[in-house]
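# Examining the three-dimensional arrangement
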Amino acid sequence: MPHARNLVVYFSRTGITRRVALSLAAALEADIEEIVEEADRSGLRGYMRSLIDVITGRPVRVAPVRHDISSYELVVIGTPVWAASVSSPVRAWLLANRSQLRRVAFFCTLGGRGHDAALAQMGSLAQRRPLATCAIAAREIRRGEERRLIDIFTHRLAYKCARLDELEWMA
Ligand SMILES: Cc1cc2nc3c(=O)[nH]c(=O)nc-3n(C[C@H](O)[C@H](O)[C@H](O)COP(=O)(O)O)c2cc1C
């Protein structure tokens, strides 16, 4: 059986990015891949470890991918914002898998600051310009705006993909 056209890839330390990733995967009828690592990032120690990893740029090890990334037309990649940067596991994943990516889109979740820098960094690491980006901050989740932002993002992606399909078909 052929698999989905789209893949959602994400890392989540405390579950917020995971929840958005699952909603996105449902809306895009996408397969889903969680970025997994050995490091324990739970609790205060995990928070400190994450902060040190991201500030020092220390390389982290992530598990090999389960899906064939190059076989997906669109890969949507999600990260929590760490110190106004992409999280270290997503950074490692992008460096390891960027050569397999075709069309990409990025999303992030955050407390409140740093999404522009984190999303720009994802583009540099992936060496791709994203079709669309989406940032969901804690205050937007509190105000119940998460669903609306996800809908805007998925509609924009559907539109961009349809336009690109059309252009490729005409070429
Ligand atoms: C080490 C670390 C650094 C963080 N730095 C930022 C930051 O610079 N700006 C921000 O808005 N939130 C920051 N946060 C908060 C997370 O981005 C936010 O809680 C996110 O939604 C968590 O997603 P998750 O539950 O998927 O791990 C940081 C969290 C951690 C663990």
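Residues numbered from 1 in each chain as written. Predicted model: local features only at pLDDT ≥ 70, side-chain atom pairs only at ≥ 80, totals over all residues. Heavy atoms only, no water.

## Focus on the pairing of strand 3 (residues 74-82)
Operational definition: Three labels apply to residues, based on accessible area from a 1.4 Å probe with only protein chains included: buried if under 20% of the type maximum, exposed if over 50%, partly exposed otherwise in between. Each helix is a run of H or I in the DSSP string that is no shorter than four residues. Each strand is a run of E no shorter than two, and both are numbered from the N terminus. Pairs of strands are assigned from DSSP output, requiring at least two bridges between the strands.
For strand 3, the tally of buried residues reaches nine of nine residues, placing the bulk of the element in the interior. Here strand 1 (residues 6-10) pairs with strand 3 via five bridges, running parallel. Among the inter-strand pairings, Tyr 10 is bridged to a residue of strand 3, identified as Gly 78. With seven bridges joining them, strand 3 and strand 5 (residues 103-110) adopt parallel strand pairing. When the sheet's bridge partners are listed, Leu 74 is paired in strand 5 with Arg 103. Pairing analysis gives two bridges linking strand 3 to strand 4 (residues 85-86), with the strands arranged antiparallel. Bridging across to strand 4, Trp 82 finds its partner in Ser 85. Between strand 3 and strand 4, which pair antiparallel and follow one another directly, the connecting turn spans two residues, one of which, Ala 83, has a positive phi of 45°.

## Observations regarding the packing of helix 1 (residues 16-28) against helix 6 (residues 146-170)
Basically, it comes down to this: Here, axes are lines fitted to C-alpha atoms. For helices the fit covers the stretch in contact, and angles between N-to-C directions go from 0 to 180 degrees. By definition in this entry, angles of less than 35 degrees are roughly parallel, angles greater than 145 are roughly antiparallel, angles of 65 to 115 are roughly perpendicular, and the rest are oblique. Each crossing gets its handedness from the near helix: less than a right angle anticlockwise from the far helix is left-handed, clockwise is right-handed. Contact definition: two residues touch when any of their heavy atoms are within 4.5 Å. Polar here means any residue outside two lists: the nonpolar Ala, Val, Leu, Ile, Met, Phe, Trp, Tyr, Cys and Pro, and the charged Asp, Glu, Lys and Arg; Gly therefore counts as polar.
One can describe the packing of helix 1 onto helix 6 by two numbers: an axis separation of 10 Å at closest approach and a directional angle of 45°. The angle between helix 1 and helix 6 falls in the class oblique. Crossing hand, helix 1 versus helix 6: right-handed. Side by side, helix 1 and helix 6 meet where Arg 19, Val 20, Ser 23, Leu 24, Ala 27 and Leu 28 of the first sit next to Glu 146, Arg 147, Ile 150, Phe 153, Thr 154 and Leu 157 of the second. Tallied by class, residues from the contact of helix 1 with helix 6 come to seven nonpolar, two polar and three charged.

## Regarding the environment of Glu 29
Within the secondary structure, Glu 29 is located in the loop between helix 1 and strand 2 (31-34). In this structure Glu 29 comes out as exposed when scored by relative accessible area, which is 67%. For the pair Glu 29 and Gly 43, spaced 14 residues apart in the sequence, the C-alpha separation amounts to 33 Å.

## Description of the pattern of salt bridges
Put simply, the rule reads: The term salt bridge refers to a side-chain nitrogen of Lys or Arg lying within 4 Å of a carboxyl oxygen of Asp or Glu.
Within the structure shown, the criterion is met by 12 salt bridges. Among the ionic pairs, Asp 151 bridges to Arg 147, the shortest N-O distance being 3.2 Å. Taken as a pair, Asp 151 and Arg 147 lie in helix 6 at a separation of four residues, close to a single helical turn. Judged by its relative accessible area of 41%, Arg 147 falls in the partly exposed class. A salt bridge links Glu 166 to Arg 163; the shortest N-O distance between them is 3.3 Å. Of the two residues, Glu 166 and Arg 163 both sit in helix 6, three residues apart, roughly one turn of that helix. Residues joined in a network through salt bridges with shared partners are Arg 5, Glu 73, Arg 103, Asp 165 and Glu 168.

## Digging into the packing of aromatic side chains
Applicable threshold: Classification of ring pairs uses Phe, Tyr and Trp, with its six-membered ring standing for Trp, and accepts pairs whose centres are within 6.5 Å; under 30 degrees between planes counts as stacked, over 60 as edge-to-face, and the remaining range as tilted.
On inspection of all chains with the given rule, the structure shows one aromatic pair. Note on Phe 11 and Trp 82: the rings are 5.9 Å apart at their centroids and 90° apart in plane angle, and the pair reads as edge-to-face. Remark: Trp 82 occurs in strand 3 and Phe 11 occurs in the loop between strand 1 and helix 1; sequence separation between them is 71 residues. On the basis of relative accessible area, Phe 11 is assigned to the buried category, the value being 5%. Here Trp 82 falls in the buried class, since its relative accessible area comes to 10%.

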